[in-house]
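So you can see what is in the structure, the chains are spelled out below.
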Amino acid sequence: MAEMIRKSSVDEVVNHLILAGTCILLMITGYAFLFHVEIIGALFGGFNTMKTVHNWLGVAFILSLLYSLHHYLIDALEYDADDLQWFKVAGGYLSHKVKVPPMGKYNPGQKLYYLAVVVFGMTITISGFGLWFFQSNATVMLYSHLIHNISFCVFVIAVPVHIYLGTLANPGTFQIMVNGMMPLKDAQKKHPKWIKAIGKM
Ligand code: HEM
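Presented here is a report on the structure given in the accompanying data block. Worth saying up front: this structure is predicted, and the values here are computed from it rather than measured. (Residues numbered from 1 in each chain as written. Predicted model: local features only at pLDDT ≥ 70, side-chain atom pairs only at ≥ 80, totals over all residues. Heavy atoms only, no water.)

## Concerning the pattern of salt bridges
When the charged atoms of two side chains lie near each other, side chains of opposite charge can form a pair. Note the cut-off: In the sections that follow, a salt bridge refers to a side-chain nitrogen of Lys or Arg positioned within 4 Å of a carboxyl oxygen of Asp or Glu. Secondary structure elements are defined from DSSP: runs of H or I of at least 4 residues count as helices, runs of E of at least 2 residues count as strands, and each element is numbered from the N terminus. A 1.4 Å probe rolled over the protein chains alone gives each residue an accessible area, and that area as a share of the maximum for its type sets the label: buried under 20%, exposed over 50%, partly exposed in between.
This model, assessed by the stated rule, comprises three salt bridges. Its salt-bridge partner being Lys193, residue Asp80 comes within 2.6 Å of it at the nearest N-O pair. You can see Asp80 sitting in the loop between helix 3 (47-77) and helix 4 (81-88) and its partner Lys193 sitting in helix 9 (residues 192-197), a full 113 residues away along the chain. Relative accessible area serves as the criterion here: at 33%, Asp80 is assigned to the partly exposed category. The exposure class of Lys193 is partly exposed, given its relative accessible area of 27%. Linked by salt bridges that have partners in common, Asp80, Asp82 and Lys193 make up one network.

This is how it looks when you write it as structure tokens:
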């Protein structure tokens, strides 16, 4: 059997499941509010109950997002020359002829995705609290709706791309989400700088 290496700790796997689960349910219920989708409302016993579920999922989502900071933030803020070169060749996604530079634990696309999740996760949560607690203030409601909806649009685009890249586009990657492990051989190929740093190369 192929030798495996741990890419995500159990802590990271569990928190990612909470982040992903809450985020997807928030997107589904948010979509149902936006377009008044009766059938989704009915699944939650009506729009009023769905609103309560949505609000508390938002609390779980932001707690999970804040907790994730110590997992990914430092990595997501560090870019070296190889990372900049990665942008120039678009990560090799547009052509197989380009040479993709050696990567660390996360590629710059994943790092930027994380930063986007942090920034828009904050704006969607803060505006969500505005909608929850300031219903009698028309100005707060107006800006909160605007910011909540713009942030929602970002998630609607970014999350499906992330899911596609973590599943169909990169076979084998999904396993990291489930048990945190990946084959050492794949890691040596995809993340040589990380593997060198932990002395497995
Ligand atoms: C069911 C849906 C999802 C799937 C299948 C999925 C899949 C994955 C996989 C396989 C990884 C590991 C990638 C690696 O280490 O190379 C990952 C990492 C990550 N995921 Fe997800 N994910 C999902 C939903 C989400 C959602 C909704 C969010 C945030 C709102 C999210 C945020 C992250 C972050 C921050 C990381 C670590 C850094 C990165 O890869 O950008 N994921 N995901």
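Structure's up, so let's keep going.
## Observations concerning helix 5 (residues 108-133)
Counted only if it meets this: Expected span of a helix: the number of residues minus one, times 1.5 Å. Contacts: residue pairs with any heavy atoms within 4.5 Å of one another. N or O atoms within 3.5 Å of each other form a polar contact, as long as, within protein, one can give a hydrogen and the other can take it, and as long as residues adjacent in sequence are counted only when both atoms are side-chain atoms.
Compared with an ideal rise of 1.5 Å per residue, which puts 26 residues at 38 Å, helix 5 spans 37 Å between its outermost C-alpha atoms and is within 8% of the ideal. Looking at helix 5, one finds that the buried residues are Pro108, Lys111, Tyr114, Val117, Val118, Gly121, Ile124, Thr125, Ser127, Gly128, Gly130 and Leu131. On its buried side, helix 5 packs onto helix 3, helix 4 and helix 6 (138-166). Capping the start of helix 5 is the job of one residue whose side-chain oxygen sits 2.9 Å from the backbone nitrogen of Gly109: Asn107.

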